[in-house]
Amino acid sequence: MADASFLNWPFFDDRHRELAVSLEEWCIKNLPVDHSDTDAACKALVAQLGQDGWLEHSAVDPDEPGKLDVRSLCLIRETLARHDGLADFAFAMQGLGTGAISLFGSSEQQNWLRKTRAGSALSAFALSEPKSGSDVAAMDMTATRDGNHFVLNGEKTWISNGGIADVYCVFARTGEAPGARGLSCFLVPAETDGLAVAERLEVIAPHPLARLKFDNVRVSSDALVGEPGQGFKVAMSVLDIFRSTVGAAALGFARRALEATLVRVRERELFGAPMSELQMVQGHVADMALDVDASALLVYRAAWTKDSGAARVTREAAMAKLHATDKAQDVIDRAVQLHGGDGVRHGHIVESLYREIRALRIYEGASDVQKIVIARQMLEGG
Ligand code: COS
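All values reported here derive from a predicted model rather than from experimental measurement.

> Let's hear about the pattern of salt bridges: which residues, and what values?
Across all of its chains, the model carries 23 salt bridges by this definition. Of the charged contacts in the structure, one is a salt bridge between D69 and R71, with a shortest N-O distance of 3.7 Å. Each of the two residues, D69 as well as R71, counts as buried. Note that R77 and D88 form a salt bridge whose closest N and O atoms lie 2.7 Å from each other. A residue pair is termed long-range when its members are at least 10 positions apart, and R77 in helix α3 (residues 70-83) and D88 in helix α4 (residues 85-96) qualify at eleven residues. The exposure class of R77 is buried, given its relative accessible area of 2%.

This is the structure we're talking about:
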């Protein structure tokens, strides 16, 4: 079991501590799952996470209006990621894909949450495009008003759950003003005419991912989430919450790598003694432990700040994501090094962590974008 002393930190309430302990037990019983068919594995994971109640934390309860609890989201992602990256992915997408509905959805739109929280519908967040990933305001996709409807045309890419989602949260240009002030957010059910999967994308840590094509996709104006022209702020508000949770997933991967390394260096003999007695090895272990704790502090600082009522946690969330994902990459790289040949052997835990962590430094705002966000907040005095 990984170090759980962080649960004593004052960022948490007892309900968080209980959540972490019971999810750990659930993970030991249920994870990892077979990854040979990632679509099937994700659907099964969503169904089981829903059935066993974990997805209730992924979105607000439509019957009891409240807030997303970011500490619970982070604890769940950290714990799932430590046991199985695909389980973390399945949980995370149910939250990211419905984040706009949780924050800005009408009561009718919140009906989707009954299904996504129960694990009977999958959701996806469709923001990136072939020519706009980091620069959201440059998006090309259009949504043109036609009476009481909007007609969507364009492409979205790198869409997690693309191809298996039941509902997509889609951002498009409605043109109220140039750039960031002319975007809107729409809910588009997967079966809507004109929406098609153009390509499934294969990546180094496989999970459902696709490029989507929207060809005259017609949705009613009831599909609009939030106000027209406010789509950029909707997207950024969702990312303010979910960026901290990406940091939490990275933290889970890093803790797993550290855990595996501690076993390895105690067991493996080198130059007539356990590796753990070599000071050069101890130096790696110390750096790894420091990176893990510093990431945890930033992740749970951001989560606690949001849960304590802050309207925006843009700087805190960007710092948590930037630090935790970059440092997890370092921790995992050291773990691979200390495992020698085993570290790059297909199927070894540190080999899979090495592949799993990389995308987290890119999606939901690349490390470079997080630096822009942090610097702007500092320069604006935020
Ligand atoms: N919450 C609420 N509002 C926000 C916000 C946030 N976190 N961040 C920005 N805004 C608001 C700003 O206050 C501004 O409002 P006004 O028009 O009222 O002044 C508006 O949104 C535009 O903000 P800004 O001028 O900063 O927009 P930019 O286009 O310069 O933003 C960055 C640039 C890089 C910060 C932004 O595009 C970004 O975060 N990119 C990464 C996107 C990403 O994560 N992509 C991955 C896709 S998901 S896998």
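Moving on from the coordinates now.
> So, the packing of aromatic side chains: which residues are in play, and what are the values?
One pair of aromatic rings is described through two measures. These are the centre distance and the angle between the planes. Considering all chains together, one arrives at nine aromatic pairs under this definition. On the numbers, 4.8 Å between centres and 65° between planes, the contact of F12 with Y300 is edge-to-face. Placement of the pair is F12 in the segment before α1 (14-30) and Y300 in helix α8 (residues 279-307), with a sequence separation of 288 residues. For F12, a relative accessible area of 4% puts it in the buried group. For Y300, a relative accessible area of 0% translates into the label buried. An aromatic cluster of at least three residues, connected via ring pairs, comprises F6, W9, F11, F12, Y300 and W304. The ring of W112 is capped by K115, whose NZ or CZ atom sits 5.6 Å from the centre of that ring. Sitting over the ring of F6, R255 keeps its end group 4.2 Å from the ring centre.

> Can you break down the domain arrangement of the protein chain residue by residue, with the values?
Along its sequence, the protein chain is organised into domain 1 (5-121), domain 2 (124-231) and domain 3 (235-379). Taken over C-alpha atoms, the centre of domain 2 sits 31 Å from the centre of domain 3. Contacts between the two partners involve nine residues from domain 2, matched on the other side by eight residues from domain 3. In total, about 650 Å² of surface goes out of reach between domain 2 and domain 3, with carbon and sulfur atoms giving 75% of it.

How each quantity is defined
Residues numbered from 1 in each chain as written. Predicted model: local features only at pLDDT ≥ 70, side-chain atom pairs only at ≥ 80, totals over all residues. Heavy atoms only, no water. Salt bridge = Lys/Arg side-chain N within 4 Å of Asp/Glu carboxyl O. Buried < 20%, exposed > 50% of the residue type's maximum accessible area, 1.4 Å probe, protein only. Helix = DSSP H or I, 4+ residues; strand = E, 2+ residues; numbered from the N terminus. Phe/Tyr/Trp six-rings, centres within 6.5 Å; stacked < 30°, edge-to-face > 60°. Lys NZ or Arg CZ within 6 Å of the ring centre and 35° of its normal. Domains from an automatic or database assignment. Contact = heavy atoms within 4.5 Å. Buried area = accessible area lost by both parts, 1.4 Å probe.

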